[in-house]
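Summary of structural features
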Amino acid sequence: MLWIIPLLLLILFIVYLFLIFPRLPRRDIRHLQGYDYAHRGLWNERLPENSLAAFRNAVENGFGMELDVHLTSDDQLVIFHDDNLRRMCGVDKSICECTLEELRRYRLKDTDECIPTFDEVLTLIDGRTPLIIEVKPDKRIHELCRRVHDRLKDYSGPYCVESFHPLAVRWFRKNAPQVIRGQLANGLYGTPPSKRTWFYRGVASLSQNVLGRPDFVAYDHSTDRNLPMMLMRLIKPHLVCWTVRSQHDMDVLRGRYDLQIFEGFMPKR
């Protein structure tokens, strides 16, 4: 009867492999390669993150960019990272509870920059550089995905979408399978991007890939030396790393990831 335990472990491992498998065969992402991606735009002390000025700076310096999309209470798409306005605008309000008109009254980090709409950013970039569009976890995740996709139907520039929320990745799998999609994750012992620690610990295992079958996995490179990522490298989907904060790390990671998202320095061209 001792053979039962190894058999059960083997079965569990096979099930886990089934759960974490990405979309294969790999799709062509050459339209996204050849660029490093500025995290929330190419921002600095004068140009706040996720602002039109930061996105313009990225375009002018020849970088792709990563940006974050939220849905307001009146169903408008805006570019902002946090769930709450406190850090960037000094106001203790949830962005999903505000209308676009209300958000327009606030400024980013005491600058003249306001929270841009998704439409404004796409108009500014106009296909000149590729985008990694992060769909933020939201109570109305399906509506957010639908509105993002509806806007992108008229956009001719190169882009892909990603999300920490597996249901967002699944939405694009079911409703817009032609769009390159990615599952965001951080390591089991990394710092999760919000207080929903249980949620991000679950995503870290990559077992929720079964829902979205992502084209790529976007992982926190500082926490990627674990079993899920070891298996990913054997399966060989496209891999994206976040967030690279030095030229040294970028050089080291070149051979390990297809795309890199960076911040805090100007990469060598």
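The structure displayed is predicted, hence computed values, not measured ones. (Residues numbered from 1 in each chain as written. Predicted model: local features only at pLDDT ≥ 70, side-chain atom pairs only at ≥ 80, totals over all residues. Heavy atoms only, no water.)

Let us look at the packing of aromatic side chains. Within this structure, the stated rule accounts for 5 aromatic pairs. Here the aromatic rings of Tyr 155 and Tyr 159 are separated by 6.4 Å at their centres, their planes lie at 55°, and the arrangement is tilted. For the pair formed by Tyr 155 and Tyr 159, the shared burial category is buried. Plain terms: the ring middles of Trp 171 and Phe 172 are 5.0 Å apart, the flat faces sit at 75° to each other, and that makes the pair edge-to-face. Accessibility assignment for this pair places Trp 171 and Phe 172 in one class, buried. An aromatic cluster is present here, built from Phe 63, Phe 262 and Phe 265 joined pairwise through their rings. The ring centre of Phe 18 lies 4.9 Å from the NZ or CZ of Arg 213, which sits over that ring. (Phe/Tyr/Trp six-rings, centres within 6.5 Å; stacked < 30°, edge-to-face > 60°. Buried < 20%, exposed > 50% of the residue type's maximum accessible area, 1.4 Å probe, protein only. Lys NZ or Arg CZ within 6 Å of the ring centre and 35° of its normal.)

To continue, consider the nonpolar core. Leu 67, Val 69, Phe 118, Leu 131, Ile 133, Leu 152 and Phe 172 are the most contacted members of the largest nonpolar core, which totals 53 residues. Excluding its chain neighbours within four sequence positions, the residues that come into contact with Phe 172 are Val 135, Cys 145, Val 148, His 149, Val 161, Pro 177, Val 179 and Arg 181. Residues Leu 32, Cys 160, Val 240 and Ile 261 belong to the second largest nonpolar core, which totals 14 residues. (Core = buried A, V, L, I, M, F, W, Y, C linked by side-chain atoms within 4.5 Å. Contact = heavy atoms within 4.5 Å.)

Relative to the assigned elements, Arg 26 resides in the loop between helix H1 (4-20) and strand E1 (37-39). Look at Arg 26 and you get partly exposed, because its relative accessible area is 43%. Each C-alpha atom of the pair Arg 26 and Lys 268 lies 29 Å from the other, and the pair is 242 residues apart in sequence. Ignoring any residue separated from it by four or fewer positions in sequence, one finds Arg 26 in contact with Lys 236, Pro 237, His 238 and Asp 258. For Arg 26, the side chain forms a polar contact with the main-chain oxygen of Pro 237, separated by 3.5 Å. (Helix = DSSP H or I, 4+ residues; strand = E, 2+ residues; numbered from the N terminus. Polar contact = N/O pair within 3.5 Å; in protein donor to acceptor, adjacent residues only side chain to side chain.)

In contact at an axis separation of 9 Å, helix H6 (residues 141-152) and helix H7 (residues 166-175) are set at 50° when each is read in the N-to-C sense. Our classification of the angle between H6 and H7 gives oblique. Relative to H7, H6 is oriented so that their crossing is right-handed. Where H6 abuts H7, its residues Ile 141, His 142, Cys 145, Arg 146, Val 148 and His 149 lie against Leu 167, Ala 168, Trp 171, Phe 172 and Asn 175. A per-class count over the contact of H6 with H7 returns 7 nonpolar, 3 polar and 1 charged. (Axes fitted to C-alpha atoms, helices over the stretch in contact; angles between N-to-C directions. Parallel < 35°, antiparallel > 145°, perpendicular 65-115°, else oblique. Left-handed = near helix turned anticlockwise from the far one by under 90°. Nonpolar A, V, L, I, M, F, W, Y, C, P; charged D, E, K, R; others polar.)

Across all of its chains, the model carries 22 salt bridges by this definition. Taking the shortest distance from any N to any O, the salt bridge between Arg 27 and Asp 215 comes out at 2.7 Å. Here Asp 215 lies in the loop between helix H9 (209-212) and strand E7 (216-220) and Arg 27 lies in the loop between H1 and E1, a separation of 188 residues in the sequence. Given a relative accessible area of 2%, Asp 215 falls into the buried group. Through salt bridges with shared partners, a single ionic network connects Asp 75, Arg 140, Glu 143, Arg 146, Arg 147, Asp 150 and Lys 153. (Salt bridge = Lys/Arg side-chain N within 4 Å of Asp/Glu carboxyl O.)

Note that the residue after Leu 24, namely Pro 25, is joined by a cis bond; omega there is 0°. With respect to the helices, strands and loops of the structure, Pro 25 is situated in the loop between H1 and E1. Looking along the chain, the bond that leaves Trp 242 and enters Thr 243 is cis, with omega of -25°. You will see that Arg 213, though not glycine, has its phi angle at about 40°, which is positive.

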